[in-house]
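The chain contents come next:
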Amino acid sequence: MALEPCTEVPNQIKTDIPILKERGQREVFCGLTGIVWLHRKMQDAFFLVVGSRTCAHLVQSAAGVMIFAEPRFGTAILGERDLAGLADANEELDRIVDQLLERRPDIGTLFLVGSCPSEVIKLDLAKASERLNQRFFPKVRILNYSGSGIETTFTQGEDACLGSMVPVLPNSYDEPSLMIVGSLADVVEDQFQRLFEKLGIGPVYFFPPRRASKLPPVGKGTKLLLAQPFLSDTVRSLIARGATLLPSPYPFGIEGTTAWLKTAADAWHIDSSQFEQVIAPSVNRAKIALERYRQTLAGRKAFLFPDSQLEIPLARFLSRECGMELVEVGTPYIDRLLMESEINLLPVGTALSEGQDVEKQLDRCRQAKPDITVCGLGLANPLEAEGMATKWSIELVFSPIHGYDQAADLAELFARPLERRRRLTV
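Residues numbered from 1 in each chain as written. Predicted model: local features only at pLDDT ≥ 70, side-chain atom pairs only at ≥ 80, totals over all residues. Heavy atoms only, no water.

## Some words on the overall build of the protein
This is how it is decided: Labels follow the DSSP assignment, with helices taken as runs of H or I lasting at least four residues and strands as runs of E lasting at least two, numbered in each case from the N terminus. Only heavy atoms matter for contacts: two residues are in contact if any of them lie within 4.5 Å across the pair. Areas reported as accessible are Shrake-Rupley estimates using a 1.4 Å probe. Residue values count occlusion only from the protein chains shown.
Helix and strand counts for the protein come out as 17 helices and 14 strands. Projected onto the principal axes, the alpha-carbon positions of the protein cover approximately 70 × 55 × 40 Å. Look at the contacts in the protein between residues 6 or more apart in sequence, and 76% of them connect residues 24 or more apart. Accessible area for the protein stands at about 18,900 Å²; split by element, carbon and sulfur atoms hold 51% of it.

Pasting the structure below:
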């Protein structure tokens, strides 16, 4: 028997799911990680981390840059003299920026990215970017944001980056438009663009754009549709510029993608029959491809540790479209403005937790003995050693998982560890 994914999305809160708020020791990955996907997205941008050698090693190893590729990121390393205050860090930064822009004339936007070390010594990158803009703008626009891993989760790096771009977005003069907010793989962006064109929705802008120099306009006519659930500060900044948020589930799986597109279609007053006709081929392909993995996942138990802020939408997908049982859904931070539509779709009785007390959560996880545990890198290997199947949450951020054509790929990411565990125990 096939499990048919539900496509009905309630408009009102279906159930008031209690949230366990935990405030203890956490496993946190650095916000500099966002550079790994942002430097690939914005092809004329460069990310200059102002940090230590540890920062440089982190970004380099996380990116896995090919030896023949010249990356669009680097690190201005703070040495002992900088940290001790024996050298003028601003003069050193100016010198490095001069060298970088002379060597890389293709750079259109330069991001100065703060880190734990630069924040500890109180290096003011906002003033540095203002000073450097006086020299290099308009040929090069210089922006700054913090990628520090202090009291943040790693996906907030993208939120901080996009937030730094909002003040310089051009004004749309109240012309109606749709802005898709959040980084998407180019192939996924192209798929969504084709669907919007067939539906007659537009103009459609993607933020961040593929070229940072081609910023999308924003104003009172701009409607925001979020592709990523971790952009709290960016969304509020865009709303302050006059844009209107379209609350919606996120485009993960068939159900989420349908609801996401329907939210935009309703805002553009698209006829329901036209909407169903446009999405039907994609939905049918996705159902056929997803069925294979649904058979593997149905009835299995999943435990999600807080890490990426994708946990609630992913849990909805695993439960409603893959038939999995949710033992616990943990997420670093719950922003009701961005997450209410997803929380409404979770099964009644879902154990939902915000924040982390890692030792307590590990105890609950071991007691529940889930079939698969979604967690950060720091927990995955120890849990694997204990005999648990795990999925790295960071892989779900790096992988193209949005939209109809990626629904089966998303399910496969969870089915693969189960298959690996099965083979190891044969």
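## A look at helix α8 (residues 186-199)
The cut-off we apply is this: A helix is expected to span 1.5 Å for every residue after the first. The rule is simple: take the accessible area with a 1.4 Å probe, protein chains only, and divide by the maximum for that residue type; under 20% is buried, over 50% is exposed, in between is partly exposed. Read the arc as the range of directions from the helix axis to the C-beta atoms.
With 14 residues, α8 should cover 20 Å at 1.5 Å per step; its first-to-last C-alpha distance of 20 Å lies within 8% of that length. Within α8 the residues assigned to the buried category are V188, E189, Q191, F192, L195, F196 and L199. All buried residues of α8 project into a common sector of 160° when viewed along the axis, lining one side. The exposed residues of α8 that point more than 90 degrees off its buried face are E197 and K198. Looking at the buried positions of α8, the neighbouring elements they touch are α1 (35-41), β6 (177-181), β7 (204-207), β8 (222-226), α10 (253-267) and α11 (272-297). Of the residues trailing α8, G200 is marked for its positive phi of about 80°.

## Here we look at the sheet that holds strand β14 (residues 390-392)
What links the strands of a sheet is backbone hydrogen bonding, and the strands pair in either a parallel or an antiparallel sense. Using the following cut-off: In this scheme, strands are said to pair when DSSP sees at least two bridges between them. Here, axes are lines fitted to C-alpha atoms. For helices the fit covers the stretch in contact, and angles between N-to-C directions go from 0 to 180 degrees.
In spatial order, the strands read β1-β12-β11-β10-β13-β14; together these six strands make up an open sheet with parallel pairing. This sheet does not close on itself; its edge strands, each paired only once, are β1 (19-23) and β14. Across the sheet, the mean angle separating the axes of adjacent strands is 20° when strand polarity is ignored. Relative to β14, strand β13 (residues 372-375) runs parallel, the two sharing three bridges. By the bridge assignment, V374 is partnered in β14 with K391.

## Considerations on the nonpolar core
Threshold: Side-chain atoms within 4.5 Å are what join buried Ala, Val, Leu, Ile, Met, Phe, Trp, Tyr and Cys residues into a set we call a nonpolar core.
Residues F47, F111, L178, I180, F196, I201 and L238 are the most contacted members of the largest nonpolar core, which totals 102 residues. With residues up to four places along the chain from it excluded, the contact list for L238 reads V166, L169, M179, V181, F207, V218, L224 and A243. If you look at the next biggest cluster of nonpolar residues, it comprises 20 residues, including A76, L101, L123 and I142.

## A word on unusual backbone geometry
The residue after G202, namely P203, is reached through a cis peptide bond having omega 0°. Backbone torsion omega between F207 and P208 reads 15°, so that peptide bond is classified as cis. Here P208 is to be found in the loop between β7 and β8. The backbone of D174 sits at a positive phi, close to 70°, despite the residue not being glycine. Mapped onto the elements of the fold, D174 is located in the loop between α7 (156-165) and β6. At H269, a residue that is not glycine, the phi angle is positive and equals roughly 55°. Residue placement: H269 occurs in the loop between α10 and α11. With a relative accessible area of 71%, H269 lands in the exposed category.

## Structural notes on the pattern of salt bridges
Pairs can form between side chains of opposite charge once their charged atoms are near each other. Using the following cut-off: Put simply, a salt bridge is a Lys or Arg side-chain nitrogen that is within 4 Å of an Asp or Glu carboxyl oxygen.
This model, assessed by the stated rule, comprises 29 salt bridges. Linking D186 and K41 is a salt bridge whose minimum nitrogen-to-oxygen distance equals 3.1 Å. Of this pair, D186 sits in helix α8 while K41 sits in helix α1, and the two are 145 residues apart along the sequence. For D186, a relative accessible area of 28% corresponds to the partly exposed category. For K41, a relative accessible area of 4% puts it in the buried group.

## Observations regarding the sheet that holds strand β3 (residues 73-77)
Ordered by their spatial adjacency, four strands build an open sheet running β3-β2-β4-β5, and the pairing between neighbours is parallel. With partners counted over all chains shown, the strands left at the sheet margins are β3 and β5 (141-146), one partner each. With strand direction ignored, the average angle separating the axes of adjacent strands in the sheet is 25°. Of the pairings in the sheet, the one linking strand β4 (residues 109-114) to β5 comprises six bridges and is parallel in character. Opposite L110, over in β5, you have I142 as the bridge partner. Against the sheet, helix α4 (residues 89-103) contacts β2 (45-51), β3 and β4, and its axis sits at roughly 155° relative to β2. Helix α6 (residues 125-136) rests against β2, β4 and β5 of the sheet, and its axis sits at about 170° to β5.

## A closer look at the packing of aromatic side chains
Just so we agree on the cut-off: Between rings of Phe, Tyr and Trp, where Trp is taken as its six-membered ring, a pair exists when centres lie within 6.5 Å; planes separated by under 30 degrees are stacked, by over 60 edge-to-face, and by other angles tilted. Charges are assigned to positions over rings by a cutoff of 6 Å between ring centre and Lys NZ or Arg CZ, combined with an angular limit of 35 degrees from the ring normal.
This model, assessed by the stated rule, comprises seven aromatic pairs. Ring centres of F111 and Y145 lie 6.0 Å apart, and the angle between their planes is 75°; on these two criteria the pair is classed as edge-to-face. One end of the pair, F111, is in strand β4; the other, Y145, is in strand β5, and 34 residues separate them in sequence. Each of the two residues, F111 as well as Y145, counts as buried. One aromatic cluster is present, built from ring pairs that chain together W37, F154 and F398. Sitting above the plane of the W268 ring, K223 keeps its charged end 5.7 Å from the centroid. A cation sits over an aromatic face here: K262 above F275, 5.8 Å from the ring centre.

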